Amino acid sequence: QVRLLESGGGLVQAGGSLRLSCAASGRIYNINVMGWYRQAPGKQRELVATITSSGSTNYADSVKGRFTVSRDSTKNTVYLQMNSLKPEDTAVYYCNTQWDARFVSWGQGTQVTVSS
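Within each chain, residues carry numbers counting from 1 in the order of the written sequence. Per-residue local features are limited, in this predicted model, to residues with pLDDT of at least 70; the limit for side-chain atom pairs, both in listing and counting, is 80 or more; totals at the level of whole chains, interfaces and linings are taken over all residues. With hydrogens and water set aside, each side-chain value is computed from the structure's full complement of heavy atoms.

Turning to the sheet that holds strand β3 (residues 18-26), a few remarks are in order. At least two DSSP bridges between two strands are needed for those strands to be called paired. Secondary structure is summarised from DSSP: a helix means a run of H or I of at least four residues, a strand means a run of E of at least two, and numbering begins at the N terminus for each. Judged by pairing direction, the sheet is antiparallel, and its four strands sit side by side in the order β1-β3-β8-β7 without closing on themselves. Looking at the sheet topology across the chains shown, the edges are occupied by β1 (2-7) and β7 (67-72). For this sheet the average axis-to-axis angle between neighbouring strands, irrespective of direction, equals 15°. Direction of pairing for β7 relative to strand β8 (residues 77-82): antiparallel, over a ladder of six bridges. Its bridge partner lying in β8, R71 is registered against V78. The convention used is that axes are lines fitted to C-alpha atoms, helices contributing only their stretch in contact, and that angles between N-to-C directions extend from 0 to 180 degrees.

Here you go:
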């Protein structure tokens, strides 16, 4: 069983920063991509940022220049550093991993709330 454990969410004022972490554990191997998605109330889940096993990154236009995704492959962990947060960044943030070229796993989600 594969488990993704997220941490680091919370309440922050606009302009502030948060760092999310997600550690993958269990019978997981050949991780291809790790990343973050988010879902705001009444909206569809959307991509925030991803990072491949080779270090290539991809960001949503709305977070470019403010968020940074990174990973520690030795720990099967992905991070999301979020700076200059805006109220519109408020959402549940989900960790995602694609592994062994065919499997996809999701975390339970962590709430990020940005007050104006």
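Quick look at the pairing of β3 now. Where β1 lies against β3, six bridges are found, and the strand directions are antiparallel. Across the sheet, the residue bridging to R3 is S25, located in β3.

What follows concerns the packing of aromatic side chains. Aromatic rings from Phe, Tyr and Trp, with only the six-membered ring used for Trp, were paired whenever their centres fell within 6.5 Å, and each pair was classed as stacked if the ring planes differed by under 30 degrees, edge-to-face if by over 60, and tilted otherwise. Under the criterion given, the structure shown has three aromatic pairs. Aromatic pair Y29 and W99: ring centres 5.3 Å apart, planes at 80°, arrangement edge-to-face. With Y29 in the loop between β3 and β4 (31-39) and W99 in strand β9 (residues 91-99), this residue pair connects regions lying 70 residues apart in the sequence. On the basis of relative accessibility, which here comes to 39%, the residue Y29 falls in the partly exposed class. What makes W99 buried here is its relative accessible area of 7%. Considering the side-chain rings of W99 and F103, the 4.6 Å spacing of their centres and the 35° angle between planes classify their relative orientation as tilted. Under the scheme applied here, a residue whose accessible area is under 20% of the maximum for its type counts as buried, over 50% as exposed, and between as partly exposed, the area being computed with a 1.4 Å probe on protein chains only.

Within the secondary structure layout, Q1 lies in the segment before β1. Linking Q1 and R27, residues 26 residues apart in sequence, is a C-alpha distance of 5.8 Å.

Moving on: the nonpolar core. Put simply, a nonpolar core is a bunch of buried Ala, Val, Leu, Ile, Met, Phe, Trp, Tyr and Cys residues held in one set by side-chain atoms that sit within 4.5 Å of each other. One finds W36, L80, M82 and Y93 to be the most contacted residues of the largest nonpolar core, which totals 29 residues. Contributing elements (two or more residues each) for this core: β3, β4, β5 (46-52), β7, β8, β9 and β11 (110-115).

This next bit is on the pattern of salt bridges. Side chains carrying opposite charge are able to pair once their charged atoms draw close together. Salt bridges, as used here, are contacts in which a Lys or Arg side-chain nitrogen is within 4 Å of a carboxyl oxygen on Asp or Glu. One pass over the structure, following the stated rule, counts five salt bridges. Across the salt bridge formed by R38 and D89, the nearest N and O atoms sit 3.0 Å from each other. Of this pair, R38 sits in strand β4 while D89 sits in the loop between β8 and β9, and the two are 51 residues apart along the sequence. For the pair R38 and D89, a shared accessibility class is recorded, and that class is buried. Residue R66 is joined to D89 by a salt bridge in which the shortest nitrogen-to-oxygen separation is 2.8 Å. With R66 in the loop between β6 (57-59) and β7 and D89 in the loop between β8 and β9, this residue pair connects regions lying 23 residues apart in the sequence. Both residues of the pair, R66 and D89, count as buried. Within the structure, one salt-bridge network assembled from shared partners comprises R38, E46, R66 and D89.

Cysteine sulfur atoms are paired as a disulfide whenever they fall within 2.5 Å. Taken as a whole, this structure holds one disulfide when the rule is applied. Linked covalently through their sulfurs, C22 and C95 form a disulfide whose S-S length is 2.0 Å. Its torsion about the S-S bond being -85°, the disulfide of C22 and C95 is classed as left-handed. Of this pair, C22 sits in strand β3 while C95 is found in strand β9, placing the two residues 73 residues apart along the sequence. The exposure class assigned to C22 is buried, which follows from its relative accessible area of 0%. Residue classification places C95 among the buried positions, given a relative accessible area of 0%.

Distances and angles like these do not, on their own, reveal function.
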